[in-house]
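Tertiary structure, described
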Amino acid sequence: GDYFMIHSKSVESDLLKFNKGKPFMLSPHPVYNIFGPASGKAESREMIKDKFGIDLGNEKIILFFGYIRKYKGLPYLINAMKEINAKMKVKLMIVGEFYEDEKPTRDLIDSLGLKNDIFVVSDYIPNEEVKYFFCASDVLVLPYIDATQSGIIQIAYYYDKPVIATNVGGLGEVVIDGRTGFVVEPRSSESIANAVIDYYKKDLEKEFSRNVAEEKKKYSWEEFITNIMKLVDASKN
């Protein structure tokens, strides 16, 4: 009666090494819908201005969201902002609690002269306010240097938000390069910068958002439960 649910191909390859013929299935994490329905971009930016004192105006906005830890590769994104802003004006929102000292991050932002281009919200964000950051942004950027997968992409997909992610762990399986976002080299601020610049120069938000809306059907709870039921049946045979 044993069976396995796995969420990425990188986990699948590990499992195959020790799985003794028990049924298993590759089934992605469902999208996370606990943060409430989407709100419009303008309305979301108003909410952020009211609640957090950050005026995003009509700027191009990219988002980093989630706990800040070494493996998230945030310095590569901050360095990329220097390269991006040499070509076009873009703002970055870093939203998440620090699992380490904040000072090196803030020092890096200051030393690159990016204080006016990067907003850091390091407080705990209540569930009902999470959506405003996703809905106010144009694209989510995950500069991770290591990962198995990230539930943050599932939040972005719930709000039809494209994602630029590094090719580590299972991220490149969930983000479809050139369709729902871009998959870039890890540990390279240049590759992140190029993807962000490309995204805006080619005005890809609408097209990629439509593709996300289509792609996320795979990530519904119905699909997930159907896969579990198939797996339960297979384990009985």
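These numbers were taken from a predicted model, which means no experiment stands behind them.

Reading guide: rules and limits
- Residues numbered from 1 in each chain as written.
- Predicted model: local features only at pLDDT ≥ 70, side-chain atom pairs only at ≥ 80, totals over all residues.
- Heavy atoms only, no water.
- Buried < 20%, exposed > 50% of the residue type's maximum accessible area, 1.4 Å probe, protein only.
- Helix = DSSP H or I, 4+ residues; strand = E, 2+ residues; numbered from the N terminus.
- Pairing = 2+ DSSP bridges.
- Right-handed = clockwise from strand over helix to strand, strands pointing away.
- Salt bridge = Lys/Arg side-chain N within 4 Å of Asp/Glu carboxyl O.
- 1 Å grid on protein atoms, 1.4 Å probe; cavity = no way out; pocket = protein on both sides within 12 Å on 5 of 7 lines; lining within 4 Å.
- Points joined across faces, edges and corners; volume = space filled by probe spheres on them.

A word on the pairing of strand E4 (residues 90-95). Counting buried positions over the six residues of E4 gives six, a clear majority of the element. Of the two faces of E4, the one carrying Val 90, Leu 92 and Ile 94 and the one carrying Lys 91, Met 93 and Val 95 are both buried. As paired elements, strand E3 (residues 60-65) and E4 share six bridges and run parallel to each other. Counted as the bridge partner of Phe 65 is Val 95 from E4. Considered for its hand, the β-α-β crossover made up of E3, helix H3 (residues 74-87) and E4 is right-handed.

One pass over the structure, following the stated rule, counts 15 salt bridges. Notably, a salt bridge pairs Lys 49 with Asp 55, separated by 3.9 Å at the nearest N-O pair. Where Glu 214 meets Lys 217, a salt bridge forms, and the shortest distance between an N and an O atom there is 3.1 Å. The exposed category is assigned to Lys 217, whose relative accessible area is 53%. Salt bridges sharing partners connect three or more residues here, namely Lys 41, Arg 45, Asp 138, Lys 161 and Glu 205.

Next up on the list: the layout of surface pockets. For the largest pocket, the calculated volume is near 400 Å³. Lining the largest pocket are 21 residues, and of these Phe 65, Gly 66, Tyr 67, Glu 97 and Ile 152 sit closest to its centre. Looking at the lining of the largest pocket, the elements that each hand over two or more residues are helix H5 (127-136) and helix H6 (151-158). Ranked by residue count, the leading element in the lining of the largest pocket is H6, at three residues.

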